[in-house]
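# Analysis of the macromolecular model
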Amino acid sequence: MAEDTVAILGGKGMLGTDLARECTRQGINFEVFDLPEFDITNEQHLGKAIRDAKAIINCAAYTDVEKTESETNPAYQVNGAAVGRLGALARQANIWVLHISTDFVFDGKSERPYLETDLPNPINAYGKTKLAGEQLLVESRCRCCIMRLEWTYGCHGNNFVTKLLKKTETDKQLKVVDDQVGSPTATTQVAKVICRLLRKKPEGLFHFASAGYVSRFEMAKFIFDKLNMPVDLSGCKTSDYVSAAVRPLNSRFDCSKIKALLSEPIEPWQGPLERFLRQL
Ligand SMILES: NC(=O)c1ccc[n+]([C@@H]2O[C@H](COP(=O)([O-])OP(=O)(O)OC[C@H]3O[C@@H](n4cnc5c(N)ncnc54)[C@H](OP(=O)(O)O)[C@@H]3O)[C@@H](O)[C@H]2O)c1
């Protein structure tokens, strides 16, 4: 790898693909590492991937929240243990790491948007493995920035928007939870912010999401309205759903800390979502 190259781990996933595109757009040299050629749980693969990298962006993760309840150890190996090893290697080589984490580290019981200083308390196995990754990375004492995201969607992966639209293929009557609140966030927006952070290489924990808050039900209504889709939509409660993993009700982030680093204000969630829907 050339010396000024950014290593994007998990670069073929939903976020990684948009990040790679944004790097191309901005003239940032990068190399993508992902399954099957690159396995983050393999220390040799990791060592090779980060050798000579100017920075590492870790988007690799075991992201199946439901499956993590029964397959906790494979998820922990990717989301937890491997991130600790990445930190140790990065510290040895003195490379800055930007690691992606999630709102699922919180229990969602707070009455206000979550700050970086709020204590995490994951309520499902996925959140526990992601919190372990954050902690192991910090314990490695490498130069690192942890960026927590929530409710992301993009063209290159399964997400709430694509799942919702898929459902309408068989069902014109849909129930969507109205008690989970957060900020829909496009991976294209996240990618732009990551590129900005790459230039500044800040250290510490940061929350990032599009501006404004909405319930899943209101988000679904916005999507069907914009697409002019005649769907009979009604609200329901999270407790009405049977699922393996418990979900936090409040995913709202306070993004003041990252806002202070960015030169532009964070765009409200409606604009990027509308643009995403137009290109579907
Ligand atoms: N999606 C959300 O709503 C959301 C919200 C908050 C935070 N996040 C975080 O955002 C980050 C990016 O997730 P995403 O949404 O882009 O998910 P994604 O599309 O599932 O991307 C994850 C990538 O990591 C790869 N991967 C899995 N196991 C690996 C391994 N052992 N070695 C190397 N690569 C491996 C996946 O490959 P395969 O596809 O082949 O498994 C995939 O390409 C994750 O840290 C996630 O926790 C996501």
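Attention here is on the structure that accompanies the text. (Residues numbered from 1 in each chain as written. Predicted model: local features only at pLDDT ≥ 70, side-chain atom pairs only at ≥ 80, totals over all residues. Heavy atoms only, no water.)

### Side note on the overall build of the protein chain
The helix and strand tally for the protein chain stands at 10 helices and 12 strands. Taken against the 2.2 N^0.38 rule, which gives 19 Å for 280 residues, the C-alpha radius of gyration of the protein chain at 18 Å falls within 12% of a compact globule. Expressed as lengths along the three principal axes of its C-alpha atoms, the size of the protein chain is roughly 55 × 40 × 35 Å. Sorting the 280 residues of the protein chain into buried and exposed places 52% on the buried side. Of all intrachain contacts in the protein chain linking residues separated by at least 6 positions in sequence, the fraction that spans at least 24 positions is 82%. Accessible surface computed for the protein chain: about 13100 Å², of which carbon and sulfur atoms make up 50%. Across the protein chain, 36 positive and 35 negative side-chain charges occur, with their mean positions spaced 3 Å apart. (Helix = DSSP H or I, 4+ residues; strand = E, 2+ residues; numbered from the N terminus. Rg over C-alpha atoms; globule rule 2.2 N^0.38 Å. Buried < 20%, exposed > 50% of the residue type's maximum accessible area, 1.4 Å probe, protein only. Contact = heavy atoms within 4.5 Å. Areas by Shrake-Rupley, 256 points an atom, 1.4 Å probe, with all protein chains shown as cover. Lys, Arg positive; Asp, Glu negative; His and termini not counted. Charge placed at Lys NZ, Arg CZ, Asp CG, Glu CD.)

### Description of the nonpolar core
Among the nonpolar cores identified, the biggest contains 35 residues, and Leu19, Ile57, Leu98, Met147, Ile194 and Ile258 are the most heavily contacted of them. Listing elements by their share of this core, those giving two or more residues are strand E1 (6–9), helix H1 (14–26), strand E3 (55–58), strand E4 (96–102), strand E5 (144–149) and helix H7 (187–200). The greatest single-element share of this core, amounting to seven residues, is contributed by H7. Of all hydrophobic cores here, the second largest spans 26 residues; its members include Ile40, Leu89, Leu137 and Cys144. (Core = buried A, V, L, I, M, F, W, Y, C linked by side-chain atoms within 4.5 Å.)

### Considering the site of the ligand
Asp34, Thr63, Tyr126, Lys130 and Thr152 are the nearest of the 23 residues found near the ligand. Interatomic distance of 2.8 Å between a backbone N/O atom of Leu15 and an oxygen atom of the ligand. Within the contact set of the ligand, an oxygen atom lies 3.2 Å away from a backbone nitrogen or oxygen of Ile100. Tallying contributions element by element places E4 first for the shell around the ligand, with three residues. A per-class count over the shell around the ligand returns 12 nonpolar, six polar and five charged. (Near = heavy atom within 4 Å. Polar contact = N/O pair within 3.5 Å; in protein donor to acceptor, adjacent residues only side chain to side chain. Nonpolar A, V, L, I, M, F, W, Y, C, P; charged D, E, K, R; others polar.)

### Things to note about the side chain of Lys130
Residue position: Lys130 is located in helix H5 (residues 125–139). With no salt bridge to any partner, buried Lys130 finds its closest opposite charge in Glu134, at an N-O distance of 7.5 Å. When near neighbours in sequence (up to four residues on either side) are disregarded, Lys130 contacts Ala61, Asn79, His99, Ile100, Ser101, Thr102 and Val105. (Salt bridge = Lys/Arg side-chain N within 4 Å of Asp/Glu carboxyl O.)

### Re the pattern of salt bridges
Counted according to the given criterion, the structure contains 10 salt bridges. A salt bridge links Arg25 to Glu22; its shortest N-O distance comes to 2.8 Å. Taken together, the residues Arg25 and Glu22, both in helix H1 and three residues apart, mark about one turn of the helix. Judged by its relative accessible area of 6%, Glu22 is buried. Residues Lys226 and Glu274 are paired through a salt bridge, measuring 4.0 Å at the closest nitrogen-oxygen approach. Taken together, the residues Lys226 in helix H8 (residues 216–226) and Glu274 in helix H10 (residues 270–278) connect sequence positions 48 residues apart.

### Observations regarding the packing of aromatic side chains
Scanning all chains against the criterion turns up five aromatic pairs. The aromatic ring of Tyr213 is capped on one face by Arg252, whose charged end is 5.5 Å from the ring centroid. Above the face of the Phe206 ring, Lys257 is positioned so that its terminal group lies 4.5 Å from the ring centre. (Phe/Tyr/Trp six-rings, centres within 6.5 Å; stacked < 30°, edge-to-face > 60°. Lys NZ or Arg CZ within 6 Å of the ring centre and 35° of its normal.)

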